Amino acid sequence: MATCVNHPEKPAGLVCMKYQIHVCEQCANCRDPQLYCKHRTACTIWFVAKDSENGWGD
Ligand code: SF4
């Protein structure tokens, strides 16, 4: 199983499909929120980050 790019001790439950970066839920943030991404409508990271206190977007 892939591990979080920021926390090698944690399993990565999420993946950025654009950059192929694996992250844990704590690290769920889109690195290019202002740029178009063809994966956005199906991106779990995007929706997790939007709903978090650190969220951006709407
Ligand atoms: S919306 Fe952001 S996190 Fe999701 S695939 Fe695109 S660049 Fe990666």
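Structure's up top.
Residues numbered from 1 in each chain as written. Predicted model: local features only at pLDDT ≥ 70, side-chain atom pairs only at ≥ 80, totals over all residues.

**Student:** Whenever I open this one, helix α1 (residues 44-51) confuses me. Can you help?
**Tutor:** By the burial criterion, the buried members of α1 are I45, W46 and A49. Down the axis of α1, the buried set is contained in an arc of 100 degrees. They therefore lie on one face. Where α1 is buried, its residues touch β1 (14-16) and β2 (21-23). (Buried ≥ 20, exposed ≤ 12 C-beta atoms within 10 Å, placed from the backbone. Helix = DSSP H or I, 4+ residues; strand = E, 2+ residues; numbered from the N terminus. Arc of directions from axis to C-beta. Contact = placed C-beta atoms within 7 Å.)

**Student:** Is there a simple way to think about the site of the ligand in this case?
**Tutor:** Inspection of the region around the ligand gives C16, M17, K18, Y19, C30, D32, C37, H39, R40, C43, I45 and W46 as its neighbouring residues. Looking at side-chain class alone, the shell around the ligand contains eight nonpolar, one polar and three charged residues. (Near = placed C-beta within 6 Å. Nonpolar A, V, L, I, M, F, W, Y, C, P; charged D, E, K, R; others polar.)

**Student:** Is there a simple way to explain unusual backbone geometry in this structure?
**Tutor:** Most peptide bonds take the trans configuration, and most residues that are not glycine carry a negative phi. Backbone geometry at Q20 places phi at a positive 55 degrees, although glycine is not the residue there. Within the fold, Q20 resides in the loop between β1 and β2. The class of Q20 is exposed, set by 8 C-beta atoms lying within 10 Å.

**Student:** It is not clear to me how the nonpolar core should be interpreted in this structure. Could you clarify?
**Tutor:** Where a protein is soluble and globular, its nonpolar side chains tend to be buried together. Membership of the largest hydrophobic core is limited to ten residues, which are C4, L14, C16, V23, A28, C30, C43, I45, W46 and A49. The leading source of residues in this core is α1, at three residues. If sequence neighbours within four positions are ignored, C30 has contacts with I45, W46 and A49. (Core = buried A, V, L, I, M, F, W, Y, C linked by C-beta atoms within 7 Å.)

**Student:** Teacher, can you tell me more about the environment of C4 here?
**Tutor:** Of note, C4 is situated in the segment before β1. For C4 and E25, which are 21 residues apart along the polypeptide, the C-alpha to C-alpha distance reads 9.0 Å. In this structure, C4 is in contact with K10, A12, H22, V23, C24 and C27, ignoring residues within four places of it in sequence.

**Student:** Help me understand the environment of N29 in this model?
**Tutor:** With respect to the helices, strands and loops of the structure, N29 is situated in the loop between β2 and α1. Distance from N29 to I45, taken between C-alpha atoms, is 6.1 Å for residues 16 residues apart in sequence.

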